[in-house]
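Chain and residue survey
Now for the letters of each chain:
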Amino acid sequence: EVLSISPRVVICPSWETYEPKEGEVVVSLDPGSAFGTGTHETTAMCAEIIDRIIRPDDKVLDLGCGSGILSIIAEKLGAGSVEAIDIDRLATDVAAENCRLNKAAVDCHTGELKDAKSKDYTLIIANIVADIIVSLCPDIGSYLAPDGYFLVSGIIDTKKERVLEAAEKAGLKLLATHTKG
């Protein structure tokens, strides 16, 4: 089943073929056993936001990359460089394979924020769970470029205030919130 998840991004199972329309990018995905096929609301919302804000010179870090879908989307939409990290070795193996399948130049490796290879990302994506996002907040600023974005997702309603509090305490400014499902 081919899925359009943002104005320019179409997800296509690796066993199917899809002829993209003008301006569309196709992400071919064999989800394996890592999270992230594009059908989940949090993934779709992140894809929509990435589609809207990505710039050609962006330096992107995808924390908790799962299948690598958001990294691939950022790279295909023209980010300058993309790094994908997950604590789960299986996930980074699947992500690396999905990047290869999509001919997406993404640096995939196992680790956590402290293992990031840079300190000046213009976009850091964390589509994970609220408690992990809260734990990342105190350190995230030292990895973000000035005017960089920290795109977080996967936060259930009951945890929203805790995340906002942690982000504010870390000196981050809320620009927008989106809800789906």
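One can find the structure itself at the top, above this paragraph.
Calculation notes
Residues numbered from 1 in each chain as written. Predicted model: local features only at pLDDT ≥ 70, side-chain atom pairs only at ≥ 80, totals over all residues. Heavy atoms only, no water. Helix = DSSP H or I, 4+ residues; strand = E, 2+ residues; numbered from the N terminus. 1 Å grid on protein atoms, 1.4 Å probe; cavity = no way out; pocket = protein on both sides within 12 Å on 5 of 7 lines; lining within 4 Å. Points joined across faces, edges and corners; volume = space filled by probe spheres on them. Expected span 1.5 Å × (residues − 1). Buried < 20%, exposed > 50% of the residue type's maximum accessible area, 1.4 Å probe, protein only. Arc of directions from axis to C-beta. Contact = heavy atoms within 4.5 Å. Polar contact = N/O pair within 3.5 Å; in protein donor to acceptor, adjacent residues only side chain to side chain. Axes fitted to C-alpha atoms, helices over the stretch in contact; angles between N-to-C directions. Parallel < 35°, antiparallel > 145°, perpendicular 65-115°, else oblique. Left-handed = near helix turned anticlockwise from the far one by under 90°. Nonpolar A, V, L, I, M, F, W, Y, C, P; charged D, E, K, R; others polar. Pairing = 2+ DSSP bridges.

**Considerations on unusual backbone geometry**
In this structure, lysine 103 is a non-glycine residue whose phi angle is positive, near 50°. Mapping lysine 103 onto the fold places it in the loop between helix 3 (89-101) and strand 6 (106-110).

**Describing the layout of surface pockets**
By volume, the largest pocket is sized at about 1200 Å³. Around the largest pocket, the lining is made up of 42 residues, and of these Phe150, Val152, Leu174, Ala176 and Thr177 lie nearest the centre. When contributions to the lining of the largest pocket are tallied by element, the ones reaching two or more residues are helix 1 (41-53), helix 4 (130-140), strand 8 (144-153) and helix 5 (160-169). By residue number, the principal contributor to the lining of the largest pocket is strand 8, which donates 10 residues. The calculated volume of the second largest pocket comes to roughly 380 Å³. What lines the second largest pocket is a set of 22 residues, and nearest its centre among them are Leu63, Gly64, Ile87, Ile128 and Ile132. The set of elements that each furnish at least two residues to the lining of the second largest pocket consists of strand 4 (59-63), helix 2 (69-76), strand 5 (81-86) and helix 4. Residue contributions to the lining of the second largest pocket peak at 3 residues, all from helix 4.

**Points about helix 3**
Given a rise of 1.5 Å per residue, 13 residues ought to cover 18 Å, and the 18 Å separating the end C-alpha atoms of helix 3 matches this to within 8%. Those residues of helix 3 that sit buried are Ala91, Thr92, Val94, Ala95, Asn98 and Cys99. Viewed along the axis of helix 3, the buried residues span an arc of 160°, placing them on a single side of the element. Away from the buried face of helix 3 by more than 90 degrees, exposed residues Arg89 and Arg100 are located. Looking at the buried residues of helix 3, the elements they touch are strand 3 (25-29), helix 2, strand 5 and strand 6. Here helix 3 starts with a cap whose side-chain oxygen sits 2.9 Å from the backbone nitrogen of leucine 90, and that cap is aspartate 88.

**Structural notes on the packing of helix 1 against helix 2**
At a closest axis distance of 10 Å, the pairing of helix 1 and helix 2 adopts a crossing angle of 15°. The orientation of helix 1 relative to helix 2 falls into the category roughly parallel. Between helix 1 and helix 2 lies a crossing whose hand is right-handed. Two secondary-structure elements touch here, helix 1 through Thr43, Cys46, Ala47 and Ile50 and helix 2 through Ile69, Leu70, Ile73 and Ala74. Looking at the contact of helix 1 with helix 2 residue by residue, the classes come out as 7 nonpolar, 1 polar and no charged.

**Description of the packing of helix 4 against helix 5**
Where helix 4 contacts helix 5, the two axes come as close as 8 Å, and the packing angle between them is 10°. Put simply, helix 4 runs roughly parallel to helix 5. From helix 4, Ala130, Asp131, Ile133, Val134 and Cys137 reach across to helix 5, where they touch Arg162, Val163, Ala166 and Ala167. Split into classes, the residues belonging to the contact of helix 4 with helix 5 amount to 7 nonpolar, no polar and 2 charged.

**Section: the sheet that holds strand 3**
With mixed pairing, the 3 strands of this open sheet are ordered in space as 1-2-3. One side of each edge strand has no neighbouring strand; the edge strands of this open sheet are strand 1 (3-4) and strand 3. As defined by bridge partners, strand 2 (residues 9-13) adjoins strand 3 across 5 bridges and the pair is classed as parallel. Pairing of valine 9 across the sheet is with valine 25, part of strand 3. Against the sheet, helix 2 makes contact with strand 2 and strand 3, and its axis sits at roughly 155° relative to strand 3, the strand it touches most.

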